[in-house]
Amino acid sequence: MSENDTSKPSRRAFLSGAATVGAGAIASSVAQAQTADPLITQPQEWAQGFGDGVDAAPYGLPSQYEGDVIRRNVEWLTADQISSINFTPIHALDGTITPQGCAFERHHSGAIDLSKSDYRLMINGLVDTPLVFTYEDLKRFPRENHVYFCECAANTGMEWAGAQLNGAQFTHGMIHNMEYTGVPLRLLLEEAGYDVAGKWVFVEGADASSNGRSIPMDKALDDVLVAFKANGEALRKEHGYPVRLVVPGWEGNMWVKWIRRIEVTNFPVESREETSKYTDTLENGVSRKWTWVMDAKSVVTSPSPQTPIKHGKGPLVITGLAWSGNGAIKRVDVSKDGGKTWEAARLAKPGEKMALTRFYLDTDWDGSEMLLQSRAMDETGYVQPTKTQLREVRGLNSIYHNNCIQTWWVRSNGEAENVEVS
Ligand SMILES: Nc1nc2c(c(=O)[nH]1)N[C@H]1C(S)=C(S)[C@@H](COP(=O)(O)O)O[C@H]1N2
Ligand SMILES: [Mo]
């Protein structure tokens, strides 16, 4: 829009209008009568004394005003806290890195306390020398840093039959994205002298559930990490302290926490977690299995049901997240009319492989209702499907791997609701 266009407030005019209040020079097309704002014209209480000293919080917590940016659960979803899940407040975060303190948790038998000194990792099976590593042993292998998303295969799983949960946190919050520090699993397998006949590894956690999963050797040798830090600090207890597996782009269930054993085998174990669970039953009753990769997906995080538009019409930042287990996000489109027309969103940074990508659409909202959608495309050329397209292939029996396009119905009062368009 040109600066001379006075029909709609431009972002620049809006912002300069706000900035010049009090300076007596309001020249923009949206200049409004404003009374002096005491919060900027009057000395405030917090400027008339001292703040907290440096030792007030040896380990800092979020500001007291951010108390609602927390994990939340959906009560009816799981019977108890021990085998349960909660959700990342993605509607309230920005950028791409998820702080550990509000990153979703999924436990099959609760989060265990395991110290570094009691920690052991065994590699056995088809290897020259079965080995047991201590935590300190792991720290003597060359380590790497990578940012990756971890998405539970069940993320968005409650939305198969119809629009159900009202909030991006609940529909899409079984995901987090952290910078991991860890040792490539390949180095540990080489140390043990793995047999090239071993086409699989079976990985187990130290918790009662053990959460055992089979991983093809090609993946194990490619980019899997045995990680001990996330976002620069030790893993939190709930994310597998002191050591977890990081399986880039693959379903969260394979990211075994408190990892204690890696067995090289020449067959997949077909454990509970890869047969009765984490398989997808199609309309004809046949179940898909080994659906490891998380396909390209995206969601508008704001505006959304938990973050309605409160400022009325005019400049509006639409934002969201996109990711793909098959590589980097190349493009995200946003629709305001339920998928009839699309605009290319701005990626905050070029997409990175198997990591969250932040997108923005800086727009002028005319106050009319919107059916907001986002559609991700990854470097393979794959385009995120509509709900109808996904159902045509997968039917309605599935729980896992729902990567369809999400719709938020934003009303003219700014409130948003989870809906489906057909
Ligand atoms: N040992 C162990 N590893 C586990 C689980 C578990 O219950 N026990 N849950 C799995 C599931 S289903 C998911 S989605 C991810 C969740 O990781 P997070 O709790 O760090 O978010 O961990 C996986 N690893
Ligand atoms: Mo999961």
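Everything discussed here concerns the structure shown above.
The rules behind each value
Residues numbered from 1 in each chain as written. Chains lettered and ligands numbered in written order. Predicted model: local features only at pLDDT ≥ 70, side-chain atom pairs only at ≥ 80, totals over all residues. Heavy atoms only, no water. Helix = DSSP H or I, 4+ residues; strand = E, 2+ residues; numbered from the N terminus. Rg over C-alpha atoms; globule rule 2.2 N^0.38 Å. Buried < 20%, exposed > 50% of the residue type's maximum accessible area, 1.4 Å probe, protein only. Near = heavy atom within 4 Å. Polar contact = N/O pair within 3.5 Å; in protein donor to acceptor, adjacent residues only side chain to side chain. Areas by Shrake-Rupley, 256 points an atom, 1.4 Å probe, with all protein chains shown as cover. Pairing = 2+ DSSP bridges.

**Details of the overall build of the chain**
Assigned secondary structure in the chain consists of seven helices and 23 strands. Taken over the C-alpha trace, the chain has a radius of gyration of 24 Å; the compact-globule value for 422 residues is 22 Å, and the two agree within 12%. In terms of principal-axis extent, the alpha carbons of the chain reach across some 80 × 60 × 40 Å. When burial is assessed residue by residue, the chain has 49% of its 422 residues classed as buried.

**Focus on unusual backbone geometry**
Note the cis peptide between Tyr-241 and Pro-242, where omega equals 5 degrees. With respect to the helices and strands, Pro-242 occurs in the loop between β10 (233-234) and β11 (244-246). The backbone of Trp-258 sits at a positive phi, close to 50 degrees, despite the residue not being glycine. Of note, the phi angle at Met-354 is positive, near 55 degrees, even though the residue is not glycine. Summarising the element assignment, Met-354 is placed in the loop between β19 (346-347) and β20 (357-365). Taking the relative accessible area as the measure of exposure, Met-354 reaches 11% and is therefore buried.

**Here's the deal with the site of ligand 1**
Close to ligand 1 lie 21 residues; Phe-104, His-108, Asp-207, His-239 and Lys-257 are nearest. With respect to ligand 1, the side chain of His-176 contributes an N or O atom lying 2.8 Å from an oxygen atom. Here a nitrogen atom of ligand 1 and a backbone polar atom of Trp-255 are 3.1 Å apart. Burial of ligand 1 by the protein chains amounts to 100% of its free accessible area of 530 Å².

**Focus on the pairing of β20**
Within β20, seven of the nine residues are buried, leaving the element largely enclosed by the surrounding structure. For strand β16 (residues 314-323) and β20, the ladder comprises nine bridges, and the chain directions are antiparallel. Paired with Gly-320 across the strands is Phe-359, a residue of β20. Where β19 and β20 come together, two bridges link them in antiparallel fashion. Residue pairing in the sheet places Arg-346 in a bridge with Tyr-360 of β20.

**Details of the pairing of strand β22 (residues 407-410)**
Along a regular strand, successive side chains alternate from one face of the sheet to the other. Two strands pair when backbone bridges link them, and strand β21 (residues 370-378) and β22 are joined in this way by four bridges, in the antiparallel orientation. Bridge pairing in β22 links Leu-372 to Trp-408. Counted along the chain from β22 to the antiparallel partner strand β23 (residues 416-419), the turn is five residues long, and its residue Gly-414 has a positive phi close to 95 degrees.

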